[in-house]
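Examination of the molecular architecture
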Amino acid sequence: MHGTIRISLAVLLALAGTPAAAQESVYDLLLTGGHVIDPANDIDAVRDVAVRDGKIVQVAAAIPTGSAKRIVDVKGLYVVPGLVDIHAHHYGYAGSLFPDETAFPAGTTTVVDAGGPGWRNFEDYQEKILRRARARVFTFINSVGLGMGGEEDDIEDMNPRATADKILAFPDLIVGVKNAHFGGSGWTSVDRAIEAGRLSNTPVILDNTILSWTGRDTRTKVLEKMRPGDIHTHFYNDRHVEILDRRTNRVQPYMHAARKRGVLFDLGHGGGSFLWPVADRAMAQDFPPDTISTDLHAGSILSTESDMPNSISKMLLLGMPLRDVVYRSTVTPARTIKRFPQVGTLGEGRDADIAVLRLDEGVFSFHDAWGKKRLGTQRLLNVLTVRAGEIVYDRDAIAFPDWDAPGSNGRTRE
Amino acid sequence: MTANRSVPVRLALALAGACALLAGSGRPLAQSEPIYDYLFRNGHVIDPAAGRNGRMDIAVAGDRIVRIGTNLPADQAKRTVDVSAYCVTPGLIDLHAYVNAQGVLRQGDARTAWRNVNPDHNALRHGVTTVVDGGSTGWRNFESFRTLVVDHSRVRVLAFLNIVGSGMLEGQEQADPADLGVEEAVQMAGRHRQTIVGIRSPHLRGAGREGIERSLRAASSMDGVALVEYQPDAGLDYRELVLERLRPGDLVTETFGPATPVFDGNGGVNETLRRARERGVLFDLGHGSQSFRFRLAVPAVRAGFLPDTISTAMDKTSLLLPRGDLMTTLSKFLNMGVSIEDLVERVTVRPARALKRPELGTLREGGVADLAVIEIQQGRFGFLDTSHERLRGDRNMRAVLTMRDGQIVWDTEGISRTDWSQAGPYSNYR
């Protein structure tokens, strides 16, 4: 269990309206005593993190606490950059989830909608989702004009020029192109998505059924079709990208060759894309995902519980070190969407997007796409989420005063 | 657990059963024939409606509970789930929530849905198998909610119809008296009797007395219950509302919200609330994002005054900082000293009766297989109210498994699942 909860005297005094409140605060928020893992700045040690005006102002040992408006003791917990989930679903079909609702409890502060809208309904998505979300939301625009709400097999609605033009019109919001769920045969859908990526100079994220009758094969896709920087998602599923030779259980040579040429592989866990036998063998042969992502939707949130802390915990179970899982859920996803270092680090001056995680010990069950469980002894849990300096989730109420604390006036709420 | 039988063995057993039937012997099937799909063994069953509170087994076949008893034969179950570490309850009922999210996420009018949440994961993860929308839509837009949400959810979705014709629209703060249509609401309720359980009073300012009166008239006409929010500026004081206007069986919500006069001047529970309860008026918690304060709840619970129904009134805001989901809301009361049995009563039998759906909220042989398996964790926990003040606690309730209509829809500890090492080689992983 986690450490004792403590709200410092300074906070209580400030709330009580004593002279301490009159003193000008240097920090809005100070997280003290946590173990900071910020791979971008090579920090993996106990540090305090100070926030002001929505930005990280200092990460250092023993920052004086005297003049912070709110001090939260996070001793025994890990403090990492807000998680970056490059495969989420927030628009366009019945399985979509509202970004804040599912991201913040998971410690995720940046999400990328993977193909919800296309160029025909991007503005509707902006109105319904983007303007209402506090989470940072980027978009892989669908190569199909109507996105996931349309017909994803409809080659006629895959217009590379119109898709690229929409990306160029919203360069701050759209980070690339998604092509997925194409059930027809041939390469047209892949070619058109990559053409849109080429015209807009953005990466393409792909899934695509690989079956003999489709005429597509993983080797051609990852070695000839995809460009360096393009992303293949649903990595530990064996229907969209064949990692392993089913007979020998060896990682296919073309997968190593693809990684060497710069093709990226994204976990995209979801309800159907993480199988223990695939993940186990790939990790045993040192073939990890570049980016850990959830493909979280209304189904997978119940079945595989593929949120970021759970997906990360599965990678820990498979032997990936903690520092590496943090790297692959902050730095590499931010780089993949060309938003590093604005996102994915606790660097001074950056937006204060922070996750505070607890590593629980015990016996935990982790589920794969076919409903099978694997027991592990550690599970990462998000306990506190900060977005642009604001506390947006606090699982155990560690950042707030007791209701009956002396001096508390019932108007704690900001 | 019983291993899957091979096809030939199954076929042989089926044939034997068929022969027995053909012979008309009436003899039971072979002892080892699995007749239950699931057997939940040795859980602490809490089912206040049926007076159950003790260790029992529950057998499920298809979408029905078929037996409740002790020492049910495990060899008759395809899958036995050991729930000896947990409480087993009827599927919980969240009597007041805002679950019309699909207007934003998929299609339809985003203004009707801007603060709503998806019902399935926000209910089923917390043991809730019946969720009641608290009036996100009125007669003008209910049918869109029905089509987009009610018909597509795995959780059972019921609804209070808002007396405001357009329901809860983004940006609208003042009621338009012309939009409070009694006849229209009654007609809509009549068309959707399976779903609409009653009428929600106006959530908007300016509807006044008339808004309450029309809600009650509509509720009477449709033979439903009214879910009423007290508004201090409605020209109707709390006393008159709960002692003179509401009918026995009507619900007044936001019990521990800032507008409710919970206490009298001397720190005791207001006599008005006690008298309203004697009259049969029901108090609904309705936690929400504004309406749950420990400053009111803790002293009231100490004085023995609990809401009749514990509901979330959940929306996009309440699920984040105050963590107003049903399990966390129940945990808040558990840490105020309320017993687990008492809590289960207020999320099963009491809301079922309040909704006039007594078949819900209880475990019954032959009844639909909706149930929740709940863990009570020990440790150090903290909980927030809607003023963002904390209650410390040493226990936390968590749903580890939820069954809806005989299907396991949530199983976070994998207690009903097969271990991957038993699932065959990768070339034939099943």
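Calculation criteria
- Residues numbered from 1 in each chain as written.
- Chains lettered and ligands numbered in written order.
- Predicted model: local features only at pLDDT ≥ 70, side-chain atom pairs only at ≥ 80, totals over all residues.
- Contact = placed C-beta atoms within 7 Å.
- Helix = DSSP H or I, 4+ residues; strand = E, 2+ residues; numbered from the N terminus.
- Nonpolar A, V, L, I, M, F, W, Y, C, P; charged D, E, K, R; others polar.
- Buried ≥ 20, exposed ≤ 12 C-beta atoms within 10 Å, placed from the backbone.
- Pairing = 2+ DSSP bridges.
- Right-handed = clockwise from strand over helix to strand, strands pointing away.

Moving on to the interface of chain A and chain B. If you look at the interface, chain A gives 46 residues, while chain B gives 46 residues. Elements supplying a minimum of two residues to the side of chain A that touches chain B: α3 (99-103), α4 (122-128), α9 (276-284), β13 (354-367), β14 (373-387) and β15 (390-394) of chain A. A total of 3 residues in the side of chain A that touches chain B trace back to one element, the largest contributor, which is β15(A). Considered class by class, the residues forming the side of chain A that touches chain B number 22 nonpolar, 9 polar and 15 charged.

Attention now goes to the pairing of strand β8 (residues 136-142) of chain A. Residue and element names in this part refer to chain A. Here β8 lies mainly inside the structure; 7 of its 7 residues are buried. Relative to β8, strand β7 (residues 108-114) runs parallel, the two sharing 5 bridges. Paired with aspartate 113 across the strands is threonine 139, a residue of β8. Handedness of the β-α-β unit built from β7, α4 and β8 comes out right-handed. One ladder, built from 4 bridges, connects β8 with strand β9 (residues 174-179); its direction is parallel. Looking at the pairing, threonine 139 lines up with isoleucine 174 of β9. This β-α-β element, β8 to helix α5 (residues 160-169) to β9, shows right-handed connectivity.

With that out of the way, let us pick up the sheet that holds β8(A). All names here are of chain A. Pairing within the open sheet is parallel, and its 7 strands lie in the order β6-β7-β8-β9-β10-β11-β12. Of all the strands in the sheet, the pair left with one neighbour each is β6 (83-88) and β12 (264-265). As judged from the 4 bridges shared by β6 and β7, these two strands associate in the parallel manner. Note that in β7 the partner of alanine 88 across the bridge is aspartate 113.

This part takes up the sheet that holds strand β7 (residues 128-133) of chain B. Residue and element names in this part refer to chain B. The 7 strands are arranged β6-β7-β8-β9-β10-β11-β12 in an open sheet whose pairing can be described as parallel. Since the sheet does not close on itself, it has two edges, and those belong to β6 (92-97) and β12 (282-283), each with one partner. As paired strands, strand β8 (residues 156-162) and strand β9 (residues 196-200) are joined by 4 bridges and run parallel to one another. Bridging from a neighbouring strand, phenylalanine 160 pairs with glycine 198 of β9.

Bringing helix α10 (residues 308-317) of chain A into the picture now. All names here are of chain A. Of all 10 residues in α10, 9 are buried, a share of seventy percent or more. Turning to α10, its buried residues are Met308, Pro309, Asn310, Ser311, Ile312, Ser313, Lys314, Met315 and Leu317. Buried residues along α10 sit against β6, β7, α11 (322-328), β13 and β14. Two residues or fewer after α10 comes glycine 319, characterised by a positive phi angle close to 100°.

With that settled, the discussion passes to the pairing of strand β1 (residues 36-47) of chain B. Residues and elements named next belong to chain B. With 11 of its 12 residues buried, β1 lies for the most part within the structure. As paired elements, β1 and strand β4 (residues 77-82) share 5 bridges and run parallel to each other. Looking across to β4, one finds that leucine 39 is bridged to threonine 80. Looking at chain direction, β1 and strand β2 (residues 52-61) are connected through 8 bridges and run antiparallel. Its bridge partner being in β2, histidine 44 is matched across the sheet by arginine 55. What sits between the antiparallel neighbours β1 and β2 is a turn of 4 residues, in which glycine 51 has the positive phi angle 70°. Judged from the 2 bridges that link them, β1 and strand β5 (residues 87-90) form a sheet pairing that is parallel. Bridge pairing in β5 links valine 45 to valine 88.

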